[in-house]
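# Topology and contacts: notes
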Amino acid sequence: MRKAMSAAAFATAAMAVVSMSGAAQAAPAGDSTVYGCRSGNVCIWPEGVEPFNDPHPTVQYSSYGYHNLSNQYGDHWVLNNQYGDATANLCKNYGGTNCVEILFQDDWGYENLTPINSITLNRP
């Protein structure tokens, strides 16, 4: 499901993820916003936009359970900025079923969301 990136784009993204990993692990009481994604949230940036250059996610989910997607097509950066080892799943069906990928705490993914119709936020 991951789209291949050019070597330069991959190197840039990898360096950004390495530099961000400490910030995303802050305690929930503190402000650990990562490129506009608030602590405790799972965030999606606009199609083709790199969060490192434009820290404005279009969607932020903050409650456990499933969230149906609407008008999310193509490749997007997705961040699980939850804490306490909470995970998130990308699912092909509405209602949080037929999940095909898991994002662990602090995980980033460059995902093709065209076949994805829901995201679940899971308690640890």
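Preceding this paragraph is the structure being described.
Residues numbered from 1 in each chain as written. Predicted model: local features only at pLDDT ≥ 70, side-chain atom pairs only at ≥ 80, totals over all residues. Heavy atoms only, no water.

## Comments concerning the packing of aromatic side chains
As a reminder of what qualifies: Paired rings are identified among Phe, Tyr and Trp, the last through its six-membered ring, by centres lying within 6.5 Å, and are further divided according to the angle between planes into stacked (under 30 degrees), edge-to-face (over 60) and tilted (the rest). Only DSSP runs of H or I covering at least 4 residues are called helices, and only runs of E covering at least 2 are called strands; the numbering of each starts at the N terminus. Note on exposure labels: buried denotes an accessible area under 20% of the residue type's maximum, exposed denotes more than 50%, and partly exposed covers the range between, all computed with a 1.4 Å probe on protein chains only.
Tallied over the entire structure, the rule returns seven aromatic pairs. Judged by centre distance (5.7 Å) and plane angle (85°), the rings of Y35 and F52 are edge-to-face. Residue Y35 is found in the loop between helix 1 (7-20) and strand 1 (41-44), and its partner F52 is found in the loop between strand 1 and strand 2 (59-61); the two are separated by 17 residues along the sequence. Owing to a relative accessible area of 17%, F52 belongs among the buried residues under this scheme. When the centroid spacing of 5.9 Å and the interplanar angle of 85° are considered together, the rings of W77 and W108 count as edge-to-face. Placement of W77 in strand 4 (residues 75-81) and of W108 in strand 7 (residues 108-112) is noted, with a sequence separation of 31 residues between them.

## Quick look at the state of the cysteines
In plain terms, the rule: Only a pair of cysteine sulfur atoms within 2.5 Å counts as a disulfide in this structure description.
Going through the model one piece at a time under the given rule, you end up with two disulfides. Sulfur-sulfur distance for the disulfide between C37 and C43 comes to 2.0 Å. With the S-S bond torsion at 85°, the cross-link from C37 to C43 turns out right-handed. Overall, C37 belongs to the buried group, its relative accessible area being 0%. What makes C43 buried here is its relative accessible area of 0%. Between the sulfur atoms of C91 and its disulfide mate C99 the distance is 2.1 Å. Across the disulfide from C91 to C99, rotation about the S-S bond amounts to roughly 75°, and the bridge is consequently right-handed. Overall, the relative accessible area of 35% leaves C99 in the partly exposed class. Numbered in order of appearance, the disulfide-bonded cysteines of the protein chain are paired 1-2, 3-4.

## Focus: the nonpolar core
Short version of the rule: Nonpolar cores are built from buried Ala, Val, Leu, Ile, Met, Phe, Trp, Tyr and Cys residues. Side-chain atoms within 4.5 Å join them into one set.
Within the largest apolar cluster, 13 residues are counted, with the highest numbers of intra-cluster contacts made by V42, I44, Y61, L69, V78 and I119. Going through the elements one at a time, strand 1, strand 2, strand 5 (87-91) and strand 8 (118-122) are the ones with two or more residues in this core. Core analysis: the second largest hydrophobic core is formed by nine residues, V34, F52, W108 and Y110 among them.

## Observations regarding the sheet that holds strand 1
Condition: Here, a strand pair is defined by DSSP locating no fewer than two bridges between the strands. Lines are fitted to the C-alpha atoms to define the axes, a helix being fitted only along its stretch in contact, and any angle between axes, read from their N-to-C directions, falls within 0 to 180 degrees.
An order of 2-1-4-7 is seen for the four strands of this open sheet, with the pairing classed as antiparallel. Two strands in the sheet have a free side with no partner beyond their single neighbour: strand 2 and strand 7. Going across the sheet, the axis of each strand differs from the next one's by a mean of 20°, ignoring polarity. As defined by bridge partners, strand 4 adjoins strand 7 across five bridges and the pair is classed as antiparallel. Residue pairing for strand 7: D75 is matched across the bridge by N112.

## What to know about the sheet that holds strand 8
A sheet is described by the order of its strands in space; here four strands give the open sequence 3-8-5-6, paired in antiparallel fashion. The two strands at the open ends of the sheet, each matched to only one other strand, are strand 3 (65-68) and strand 6 (99-103). Between one strand axis and the next, the sheet turns by 25° as a mean value, whatever way the strands run. Direction of pairing for strand 3 relative to strand 8: antiparallel, over a ladder of four bridges. Within strand 8, the residue paired with Y66 across the bridge is T120.

Everything listed here is a matter of coordinates, which is why it stays silent on function.
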